Amino acid sequence: MKKPLLEFTKKGIYCEQAKVYLDPWKPVDKAIISHGHADHSRYGHQQYITHRKNVPIISHRLGAINVTGKEWGETFVINNVKFSLHPAGHIIGSSQIRVEHNGEVWVFSGDYKTEDDGVSMPYEALKCNTFISECTFGLPAFKWTPQQEVFADINQWWLENKQEGKTSILFGYSLGKAQRLLKHINPEIGKIYTHGAIENITEVLRPMVDFPETNRITKDTKKEELLGNIVLAPPNAHGSNWIRKMVPYVTASASGWMTFRGARRRRAIDKGFVLSDHCDWQGLLESIEASNAEKVICTHGYTEIFSRYLREQGYDARTEETQYGDEILETAEADEIKAVS
């Protein structure tokens, strides 16, 4: 029986012909990295290959590493296997990884979204035989509102809090979501303050994106300075000593999980804005259809439900276990928060 071009192993997704891994979760000799989030780009690999815009991100996160940057669509060949990186639309520098050998094409989506967020390079649909797709939000209940409507709501919420003399604290992941928020919230309403973990990443990304002015919160920042203004903070800053000094404040979270009221209650958040850097149900289905793939492998998220639906639609679909997911991302952010608190 012919071996598949890509295999799921204990270390990660492996191309034996090229002896290279895609987003491995254990240390390996050579790794192609889809994007900079902690669950996909881990420390300990001997060599990293990623998109040029992701190089400063993972270098900031991981320190001194051996990393090579590639351009969109640039083909690089490893032992007769052709690889190229294509926009995933997830965060800045996020890529789908295309793998071709002997006329067979596989695409690994990494994390992706189809809505153009105005910050990352928009998603590019690729044709392939096998599509390895995340399905973080692979339930029909997840249906995103266009982001311009969401940001109109966020800016209105901030304005109302300002009129009441309260600080607006908006939670979003320090890499990706925070910069998307920063790009689209209205600086004419007031000043934008940032948690150190977000400011550190934003400084890395400023050469690539035109962001509004921000103000880093330090131990010398007085809560009176914050009143009426907005603070961008990572989710794990909620409930910390850092945030208790900002009373009176109102909290909100920008996340796809805010679709469910229970998630908002569990996190003790005053307001939830449904804004995700992943595809919703329809976005996943449209992407898979556009790929013309005969086989679909669902990695992380609602894998069982989503793959079963795909099989009902006639796809050859199955699931595979990986170590990707928001829990790992939040743990990494917690570590980053400790480092700057």
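Quick summary incoming for the structure in this document. Predicted model only: the values in this text are computed from it and were never measured.

**Side note on helix H3 (residues 177-184)**
Here is step 1 of the chain: The buried fraction of H3 amounts to 6 of the 8 residues, a majority that puts the element mostly inside the structure.
Here is step 2 of the chain: Every buried residue of H3 is accounted for by Lys 177, Ala 178, Gln 179, Arg 180, Leu 181 and Leu 182.
Here is step 3 of the chain: Residues of H3 that are buried sit in contact with helix H2 (147-163), strand S12 (167-171), strand S13 (192-194), helix H4 (196-205), strand S15 (230-233) and strand S16 (249-254).

**A few points about the pairing of strand S19 (residues 316-319)**
Here is step 1 of the chain: Judged from the 4 bridges that link them, strand S18 (residues 295-301) and S19 form a sheet pairing that is parallel. From the neighbouring strand, Lys 295 faces S19, where its bridge partner is Asp 316.
Here is step 2 of the chain: What joins S18 to S19 is helix H9 (residues 303-312), and the crossover it makes is right-handed.

**With respect to the pattern of salt bridges**
Here is step 1 of the chain: This structure, assessed with the given rule, holds 13 salt bridges.
Here is step 2 of the chain: The partner of Arg 180 in a salt bridge is Glu 115, with the nearest N and O atoms 3.3 Å apart. Taken together, the residues Arg 180 in helix H3 and Glu 115 in the loop between strand S10 (104-108) and strand S11 (130-135) connect sequence positions 65 residues apart.
Here is step 3 of the chain: The partner of Asp 277 in a salt bridge is Arg 180, and the shortest N-O contact between them spans 2.7 Å. With Asp 277 in the loop between strand S17 (271-273) and helix H8 (281-291) and Arg 180 in helix H3, this residue pair connects regions lying 97 residues apart in the sequence. This pair shows no difference in class: Asp 277 is buried, exactly as Arg 180 is.
Here is step 4 of the chain: Taken together, the shared-partner salt bridges connect Lys 113, Glu 115, Asp 117, Arg 180 and Asp 277 into one network.

**Examining the packing of H2 against H3**
Here is step 1 of the chain: For the pair H2 and H3, the least separation of the axes is 10 Å and the interaxial angle reads 75°. Considered as vectors, H2 and H3 are oriented roughly perpendicular to each other. Residue-level inspection shows Gln 147, Phe 151, Ile 154 and Asn 155 of H2 in contact with H3, the latter providing Arg 180, Leu 181 and His 184.
Here is step 2 of the chain: When its residues are assigned to classes, the contact of H2 with H3 shows 3 nonpolar, 3 polar and 1 charged.

**A closer look at the packing of aromatic side chains**
Here is step 1 of the chain: Evaluation of the coordinates by the stated rule reveals 16 aromatic pairs.
Here is step 2 of the chain: Ring geometry for Phe 137 versus Trp 257: centroids 4.5 Å apart, planes at 50°, classification tilted. Here the residue Phe 137 occupies a position in the loop between S11 and H2, and Trp 257 occupies one in the loop between S16 and helix H7 (261-266), the gap between them amounting to 120 residues. We note that Phe 137, like Trp 257, is buried.
Here is step 3 of the chain: Of the aromatic side chains, those joined through ring pairs into one cluster are Phe 137, Phe 142, Trp 144, Trp 257, Phe 260 and Tyr 302.

**A closer look at a positive patch on the surface**
Here is step 1 of the chain: There is a patch of like positive charges on the surface, built from Arg 261, Arg 265, Arg 266 and Arg 267.
Here is step 2 of the chain: Locating Arg 265 in the fold gives a position in helix H7.

**Quick look at the sheet that holds strand S14 (residues 215-216)**
Here is step 1 of the chain: If you walk across this open sheet you meet the 6 strands as S14-S13-S15-S12-S16-S17, and the pairing is parallel. At either end of the open sheet lies a strand with only one pairing partner, and these are S14 and S17.
Here is step 2 of the chain: Relative to S15, S12 runs parallel, the two sharing 4 bridges. Bridge assignment links Ile 169 to a residue of S15, and that residue is Val 231.
Here is step 3 of the chain: In the packing of H3 onto the sheet, contacts are made with S12, S13, S15 and S16, and the angle to S15 comes to roughly 160°.

**Some thoughts on the state of the cysteines**
By definition, a disulfide links the sulfur atoms of two cysteines through a covalent bond.
Here is step 1 of the chain: A complete count under the given rule lists 0 disulfides for this structure.
Here is step 2 of the chain: Of all cysteine sulfurs, the one in Cys 128 lies closest to Cys 15, which takes part in no disulfide; the gap is 15 Å.
Here is step 3 of the chain: Counting only cysteine sulfurs, Cys 298 is the nearest neighbor of Cys 135, a cysteine outside any disulfide, at a range of 4.5 Å.

**Focus on the packing of H8 against H9**
Here is step 1 of the chain: Direction vectors running N to C along H8 and H9 enclose 45°, while the axes themselves pass 12 Å from each other. Comparing the axis directions of H8 and H9 gives the class oblique. Between H8 and H9 lies a crossing whose hand is right-handed. Note on element contacts: H9 touches H8 through Phe 306, Tyr 309 and Leu 310, opposite Trp 281, Leu 284, Leu 285 and Ile 288.
Here is step 2 of the chain: A per-class count over the contact of H8 with H9 returns 7 nonpolar, no polar and no charged.

Rules of the game
- Residues numbered from 1 in each chain as written.
- Predicted model: local features only at pLDDT ≥ 70, side-chain atom pairs only at ≥ 80, totals over all residues.
- Heavy atoms only, no water.
- Buried < 20%, exposed > 50% of the residue type's maximum accessible area, 1.4 Å probe, protein only.
- Helix = DSSP H or I, 4+ residues; strand = E, 2+ residues; numbered from the N terminus.
- Contact = heavy atoms within 4.5 Å.
- Pairing = 2+ DSSP bridges.
- Right-handed = clockwise from strand over helix to strand, strands pointing away.
- Salt bridge = Lys/Arg side-chain N within 4 Å of Asp/Glu carboxyl O.
- Axes fitted to C-alpha atoms, helices over the stretch in contact; angles between N-to-C directions.
- Parallel < 35°, antiparallel > 145°, perpendicular 65-115°, else oblique.
- Nonpolar A, V, L, I, M, F, W, Y, C, P; charged D, E, K, R; others polar.
- Phe/Tyr/Trp six-rings, centres within 6.5 Å; stacked < 30°, edge-to-face > 60°.
- Patch = residues over 30% accessible without salt bridge, like charges linked within 9 Å, V, L, I, M, F, W, Y side chains within 5 Å.
- Areas by Shrake-Rupley, 256 points an atom, 1.4 Å probe, with all protein chains shown as cover.
- Lys, Arg positive; Asp, Glu negative; His and termini not counted.
- Charge placed at Lys NZ, Arg CZ, Asp CG, Glu CD.
- Disulfide = S-S within 2.5 Å.
- Left-handed = near helix turned anticlockwise from the far one by under 90°.

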